[in-house]
Amino acid sequence: MNKNLLIAGLLLFLSQVSLLAQTHQLLPQPKTLIAAEGHWTLDPGTVLVAESASARKSALLFSGLLETKTGFELPVLMQAPAHGSLIVLEESMVADNPEAYTLEVSGDGVIIRGADRGLFYGLQSLFQLVEMQGSNAVVPQVEIADAPAFGYRGIMLDVSRHFFSTAQVKKMLDLMSQLKFNTLHWHLTDDQGWRLEIKKYPKLTEIGAWRDSTIIGQYYDYQPFIYDNEKHGGYYTQEEAREIVRYAAERKITVIPEIELPGHSSAVLAAYPEFGSFEITEGTAKGTIAAENEKGEPLNHEISKQVPGYWGVHYNIYGPTPAAFSFLEDVLTEVMDIFPSEYIHIGGDEVPKDHWKTSAIAQKVIKKEKLEDEHELQSYFIQRIEAFLNENGRQIIGWDEILEGGLAPNATVMSWRGEQGGIDAAKMGHDVIMTPNSHLYFDHYQAEDKTTEPLAIGGFLPLEKVYSYSPVPEALSEEEAAHVLGVQANLWTEYIPTNQKMEYFLFPRALALAEVAWKTKEDKDYQSFLRDRLPARLLSLEKQGVFFRIPEAIVDISREPESGRQLIHIQPLVEGAKVYYTVDGHKADQTARLYTGPVLAPIPGKDQESLVLRYVTVTPGGRSSNEFHVPIE
Ligand code: ACM
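Caption draft 1: Up close: the overall build of the protein chain. When helices and strands are tallied, the protein chain shows 18 helices and 31 strands. Its C-alpha atoms give the protein chain principal-axis dimensions of about 100 × 75 × 50 Å. Relative to its 633 residues, the protein chain shows a buried fraction of 57%. The contacts in the protein chain between residues at least 6 apart in sequence include a share of 70% that link residues at least 24 apart. Accessible surface, the protein chain: about 26,700 Å² in total, of which carbon and sulfur atoms supply 52%. Taking the 55 positively charged and 87 negatively charged side chains of the protein chain as two groups, their mean positions are separated by 3 Å.

Set out below in structure tokens:
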């Protein structure tokens, strides 16, 4: 055969192999995908065709995103031109699911079918499929039929402990939409800061949004007890919050605001102490209320006009008074006006009941309403708020403590202290969202050796553990399991003061969560997630300027049959990354040996028990991972 032909044939074969790999890189992995041979090339002459305004908006967003990869945008038209290269969006419900879609790429072009959300997700899949080969933007020929396993796929962002700009929230929404998440739970209020402008109560943001100092030491050890004396704070104007809601909606993401009550309210009570559990008199207004619990221990009933700068459960909570309820109804009225979501999250977690035990105001309500104890008082509190929101056509979500003392009639429960709250609520016929702190608290450490990682609140939550989570607890019957709406990870930000640190704690774990939320337990496969899908997505994140944690490579050590020596294979998990390694005990960095293929381990010296592989992964963008160590047995 002619040598040139042979080379041309080989190149074609290699590009087919690469395109086939491309179809395996979709994340979350689609429900069904049939890859055909061949590809389709899109070029600046390709036209996106979309009839409805909403589909055109999705097409425009896709076109903008595509430009970051290909360098050109595509025109969006309402009707297909007589001829030419087309991506057609056909708006029609697929598989009875507004989030389902089909995507067909043939030699002639692309057709995506789905309802509004489905079309958006089809375009996200198409974006991931586009690969640059030289200056050509090529797409492998495929047929995809896809739909999510769960209707609620969320991430919670705490903006109280540290404030994040609208630009950063928008970046997070962009990234979430590429992974087909559909809910941002926005934790807008907590002890350390109130973050939403409320017109009727300006002091909420004048006072409640700012703190004078922040503890930056270890929360668990209380050592070192270091304060950063910088003023910290910020808030979203109503206009900015509406802009976030609009921006999210374009990306098919619902924003659920959380307004914490009756606990985690120190920031509110710094601004408006009159809504607390204790009468404000001359003496108490600036000081502390001397009180003790049943065991005679002193209680820290601080009436502080300062927003606290230290973490944990604070004692300053709302009083169940007409004034407080009226305040909360006013606040929630403004909140509902900004956020069209069906759900409003009302918190309900970590309410220190001791506080109400010693509050004359609380005790009076317990007696008057014939309540058993302070747990029932919390339930009374939540039920009043639920009734108000229900009257206004909204539903509440609360953390699982709202089960204690009697669950509000229509409440959805967010199970965070493990799964039990979710199990109990589902058995009672309530909807639940699973977000257990065992598997989905993204503020936890990503390596076992905490000294190698940035300071976190504690815990250890590696990628594999996130991936292993299955949102439907075994304890539920099929009927009860139908109450599990879905799954969410929580990003608490006590120890996350910067944008880069936020991205580091979110990624790559959010990539694993995307599959936990989109795929059924039976369809998940961690090894294929890791080997086939993760690397391309991490490269894509790097190109989008995301400061993800560079994960440990896959290191396989096998024995070479002839020599009996150890053979080390290293696969970095960022596409295009390089690995530098040592096996001689010295530090590995970019001056170490470049890994180019399997390495024969040296024979240990006679006093050496074993060797250690030390390596770093360096991304195409030039970022280095931590140095990782793997013993060679
Ligand atoms: C929580 O982590 N306190 C919901």
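Caption draft 2: Main features of the sheet that holds strand 21 (residues 395-399). An order of 9-10-17-20-21-22-23-24 is seen for the eight strands of this closed barrel, with the pairing classed as parallel. Between one strand axis and the next, the sheet turns through 30° on average, direction left out of account. Summarising the sheet, strand 9 (residues 152-158) and strand 10 (residues 183-187) pair through five bridges and their orientation is parallel. Looking at strand 10, one finds that Met156 is bridged to His185.

Caption draft 3: Expanded view of the pattern of salt bridges. Within the structure shown, the criterion is met by 28 salt bridges. The salt bridge involving Lys200 is made with Asp330; its shortest N-O contact spans 3.2 Å. Of this pair, Lys200 sits in the loop between strand 12 (193-194) and helix 5 (203-206) while Asp330 is found in helix 9 (residues 322-338), placing the two residues 130 residues apart along the sequence. Linked by salt bridges that have partners in common, Lys57, Lys170, Asp174, Glu243, Arg246, Glu250 and Arg251 make up one network.

Caption draft 4: Looking closely at the packing of helix 2 (residues 53-70) against helix 3 (residues 116-129). Helix 3 packs onto helix 2 with a crossing angle of 15° between their chain directions and a minimal axis gap of 10 Å. In terms of axis orientation, helix 2 runs roughly parallel to helix 3. Every pair of crossing elements has a handedness; the one defined by helix 2 and helix 3 is right-handed. Taken together, the residues of helix 3 that come into contact with helix 2 (itself represented by Ser54, Ala55, Ser58, Ala59, Leu61, Phe62, Leu65, Leu66, Thr68 and Lys69) are Asp116, Leu119, Phe120, Leu123, Gln124, Leu126, Phe127 and Gln128. Its residues placed into classes, the contact of helix 2 with helix 3 shows eleven nonpolar, five polar and two charged.

Caption draft 5: Examining helix 9 more closely. Its 17 residues place the ends of helix 9 25 Å apart at the C-alpha level, agreeing with the 24 Å of an ideal helix rising 1.5 Å per residue. Buried within helix 9 are the following residues: Ala324, Phe325, Phe327, Leu328, Asp330, Val331, Leu332, Glu334, Val335, Met336 and Ile338.

Caption draft 6: View of the sheet that holds strand 28 (residues 593-594). Read from one edge of the open sheet, four strands run 28-27-30-31, paired in antiparallel fashion. Among the strands making up the open sheet, the edge pair consists of strand 28 and strand 31 (628-632). Taken together, the two bridges between strand 27 (residues 578-582) and strand 28 define a ladder with antiparallel strand orientation. Its bridge partner being in strand 28, Tyr581 is matched across the sheet by Arg593.

Caption draft 7: Spatial organisation of the side chain of Ser625. Note that Ser625 resides in the loop between strand 30 (611-618) and strand 31. Residue classification places Ser625 among the buried positions, given a relative accessible area of 9%.

Caption draft 8: Representation of the side chain of Arg614 within the structure. When you line up the elements, Arg614 lands in strand 30. A polar side-chain atom of Arg614 sits 2.9 Å from a polar atom in the side chain of Glu627.

Caption draft 9: Main features of empty space enclosed by the protein. Across all of its chains, the model carries three cavities of 30 Å³ or more by this definition. The wall of the largest cavity is formed by Leu175, Gln178, Leu179, Phe507, Leu511, Arg537, Ser540, Leu541 and Gln544. Breaking the lining of the largest cavity down by element, the ones donating at least two residues are helix 4 (166-178) and helix 18 (526-543). At three residues, helix 18 tops the list of elements feeding residues into the lining of the largest cavity. When grouped by side-chain class, the residues that make up the lining of the largest cavity number five nonpolar, three polar and one charged. Here the second largest cavity defines a volume of roughly 50 Å³.

Caption draft 10: Representation of the pairing of strand 30. The element strand 30 is extensively covered by neighbouring structure, given that seven of its eight residues are classed as buried. Across five bridges, strand 27 lies against strand 30 in antiparallel orientation. Pairing of Tyr581 across the sheet is with Tyr615, part of strand 30. Note: strand 30 against strand 31, five bridges, orientation antiparallel. Looking at the pairing, Leu611 lines up with Ile632 of strand 31.

Conventions and cut-offs
Residues numbered from 1 in each chain as written. Predicted model: local features only at pLDDT ≥ 70, side-chain atom pairs only at ≥ 80, totals over all residues. Heavy atoms only, no water. Helix = DSSP H or I, 4+ residues; strand = E, 2+ residues; numbered from the N terminus. Buried < 20%, exposed > 50% of the residue type's maximum accessible area, 1.4 Å probe, protein only. Contact = heavy atoms within 4.5 Å. Areas by Shrake-Rupley, 256 points an atom, 1.4 Å probe, with all protein chains shown as cover. Lys, Arg positive; Asp, Glu negative; His and termini not counted. Charge placed at Lys NZ, Arg CZ, Asp CG, Glu CD. Pairing = 2+ DSSP bridges. Axes fitted to C-alpha atoms, helices over the stretch in contact; angles between N-to-C directions. Salt bridge = Lys/Arg side-chain N within 4 Å of Asp/Glu carboxyl O. Parallel < 35°, antiparallel > 145°, perpendicular 65-115°, else oblique. Left-handed = near helix turned anticlockwise from the far one by under 90°. Nonpolar A, V, L, I, M, F, W, Y, C, P; charged D, E, K, R; others polar. Expected span 1.5 Å × (residues − 1). Polar contact = N/O pair within 3.5 Å; in protein donor to acceptor, adjacent residues only side chain to side chain. 1 Å grid on protein atoms, 1.4 Å probe; cavity = no way out; pocket = protein on both sides within 12 Å on 5 of 7 lines; lining within 4 Å. Points joined across faces, edges and corners; volume = space filled by probe spheres on them.

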